[in-house]
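Spelled out from the first residue to the last, the chains are:
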Amino acid sequence: MTTRRTRPAPRPPEGTPPRAELARQARAVLADAVRIAHWAAGTPGPGTAAPLAAHALERAATALELSPAQVRAGWDRARLAGLVELHGDTARPGWRLRAWDRDDSAVLRGWVALFDAWSLVHAAPEGIEAGAVAEAVEAVPQVLSLLQLSAGSVTVPALLDLLGQRVAELQEERCEVPLGPGRTAPAASAAPPETAADQAAATAGPARSADLNALLLDWALEGLAAVGALTLGKGHATLTPLGNWAVWVKLEQICVAAQSPAGNIEQSAADMLLGCARLTPGPARDEYRAWLAARTVGSAVAELLAVARGEDALLRGLAFEALRVVGGPAEPEVRAVLAEPSLRPYALLWLAEYEGNDPDDAQDVLSREEATWLWVDTAAAVADHGETGLLVRHLDSAVQGTVPALLDEVRAVGHPRTVQVLVALAAAHPDPALAKAVRRAAFQVHTGGA
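The model shown is predicted, which means the values in this text are computed figures rather than measured ones. Every chain's residues receive numbers from 1 upward, in the order its sequence appears when written. For this predicted model, a pLDDT threshold of at least 70 governs which residues receive local features, and a threshold of 80 or more governs which side-chain atom pairs are given and counted, while totals over whole chains, interfaces and linings are taken from all residues. As a rule here, side-chain values cover all heavy atoms of the structure and leave hydrogens and water aside.

Draft legend 1. Focus on the pattern of salt bridges. Here, a salt bridge means any Lys or Arg side-chain nitrogen found within 4 Å of an Asp or Glu carboxyl oxygen. In total, this model carries 13 salt bridges according to the counting rule given. A salt bridge links Glu 355 to Arg 335; the nearest nitrogen and oxygen atoms lie 3.4 Å apart. Of this pair, Glu 355 sits in the loop between helix H18 (344–354) and helix H19 (368–385) while Arg 335 sits in helix H17 (residues 331–336), and the two are 20 residues apart along the sequence. Overall, Arg 335 belongs to the partly exposed group, its relative accessible area being 26%. Within the structure, one salt-bridge network assembled from shared partners comprises Glu 321, Arg 324 and Glu 353. Runs of H or I in DSSP of at least four residues are treated as helices and runs of E of at least two as strands, each being numbered from the N terminus. Categorising residues by exposure relies on relative accessible area from a 1.4 Å probe, with only protein chains included: less than 20% of the type maximum marks a residue as buried, more than 50% marks it as exposed, and the intermediate range marks it as partly exposed.

Quick look at the structure:
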């Protein structure tokens, strides 16, 4: 077993309101989103994954006595906070909406999902390259940390200086040369500037880069203010109680991970998941949260799904466990992998649980073929990383009910690890007759026989 140090539950910074008050503030921030989510959940065909269709937008504005712009903004927030889910052209209430009035934890998780998605709530300025926007988003956690540690307002010039330093570090890590907006690296054969104006334009990069950072900082601060994380004054910014609490939680998660024996915060997704493989579910989720807190949501989800696409079935299952900790922000990416056969069963179960189904009943969303594929994949994970007794007991989880029926369907499902799984099961099973039948099935799959 892994020995883990324990420490008392950390206390929030002095002056942090109790959770009930934080939840009240989160409900206030998302009040319009909740109204629109209730309206959408009770209205057939309100829209698609894009903003509300024009006719639905007009109906919602009239019914809720809001402007079309308020409806559109509230709809986006409802989706990002997990209050409403789209299934084709039908909106359904998310589990957070059903728990909204009675569960403060659900409310705070919904607001944190919105907080994490601030860059989607407030569109980036037009005409700026996506790479520059991504660097700003990646640098914002340091800006938030400074605001949180300062325990008060911080001047915009100080935040701009920190943002510039962090962006420069990111560019240096990638061995990039900072460029002004709209500039590209000169070609090797470019002619030297011939006039004073040309020379001034050629040397204007650093100043324009500072201007770009200022523009991106303004955008980031406005986006964070839009989700209720901070307030803006004349030349300064201050975290709200909600923002202060959220940043503290993320910093605390990073500290916990940094003190863990495995040091998972510094690891790749694959190494982090392997480090958590032998932890019980509670400590494993703590490690997932800490690892996620040190990364942007988009990059973390992409890295976890990349691991899930690999050959290790154990890591595939663990990757989706980590994605359960991500919650709502991962929903679009998880839904997008439904077309991938190797990930589809995991994605279907993830979505079923995300939509509020009991985990024990979530298996009902799988077809017989998908359930069989998942059985083989799980058996592969056990064969690679578990004990032989676990592989034998895994037979009881098959939906077929009998070994002959299971073998028939396993042969047909086409999992790439079918032969190895059947050979390992035959070697582990104590019943000679059953082991012989499993070996025969393995041989038939290997040779392509019936």
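From this point, the discussion proceeds with the structure in view.
Draft legend 2. Local environment of the pairing of strand E4 (residues 230–233). Sheet analysis places E4 next to strand E5 (residues 236–239), joined by four bridges and oriented antiparallel. Opposite Leu 230, over in E5, you have Leu 239 as the bridge partner. In this description, strands pair whenever DSSP reports at least two bridges between them. If you look at the hairpin formed by E4 and E5, you'll find two residues sitting between the two strands, and Gly 235 has a positive phi there, around 80°.

Draft legend 3. Quick look at the side chain of Gln 148. Within the secondary structure layout, Gln 148 lies in helix H8 (residues 130–150). Gln 148 gets classed as buried once you look at its relative accessible area, which sits at 8%. In this structure Gln 148 touches Pro 13, Leu 239, Asn 244, Val 247, Trp 248 and Leu 251, once residues within four positions along its chain are discounted. By the convention used here, residues are in contact when the closest approach between their heavy atoms is within 4.5 Å.

Draft legend 4. Quick look at the sheet that holds E4. Across the sheet, three strands lie side by side as E3-E5-E4; this open sheet has antiparallel pairing. Each of the sheet's edge strands pairs with one partner strand only, and the pair in question is strand E3 (154–155) and E4. Where H8 meets the sheet, its contacts fall on E3, E4 and E5, and the angle it forms with E5 comes to roughly 75°. Axis lines are fitted to C-alpha atoms, over the contacting stretch for helices. Their N-to-C directions set the angle, which ranges from 0 to 180 degrees.

Draft legend 5. The arrangement of the pairing of E5 in detail. Because side chains alternate across E5, one face comprises the buried residues Ala 237 and Leu 239, and the other comprises His 236 and Thr 238, none of which is buried. For E3 and E5, the ladder comprises two bridges, and the chain directions are antiparallel. Along E5, the bridge assignment pairs Val 154 with Ala 237.

Draft legend 6. How the structure looks around the nonpolar core. Among the buried residues, those of types Ala, Val, Leu, Ile, Met, Phe, Trp, Tyr and Cys that are joined through side-chain atoms within 4.5 Å form a nonpolar core. Ranked by internal contacts, the top residues of the largest apolar core, which has 63 residues, are Leu 83, Trp 111, Phe 115 and Leu 147. Looking at this core element by element, the count peaks at eight residues for H8. In this view, Phe 115 contacts Leu 144, Leu 224, Val 227, Ala 229, Ala 246, Val 247 and Lys 250; residues no more than four positions away in its chain are not counted. With 60 residues, the next largest nonpolar core counts Ala 284, Leu 305, Leu 315 and Tyr 354 among its residues.

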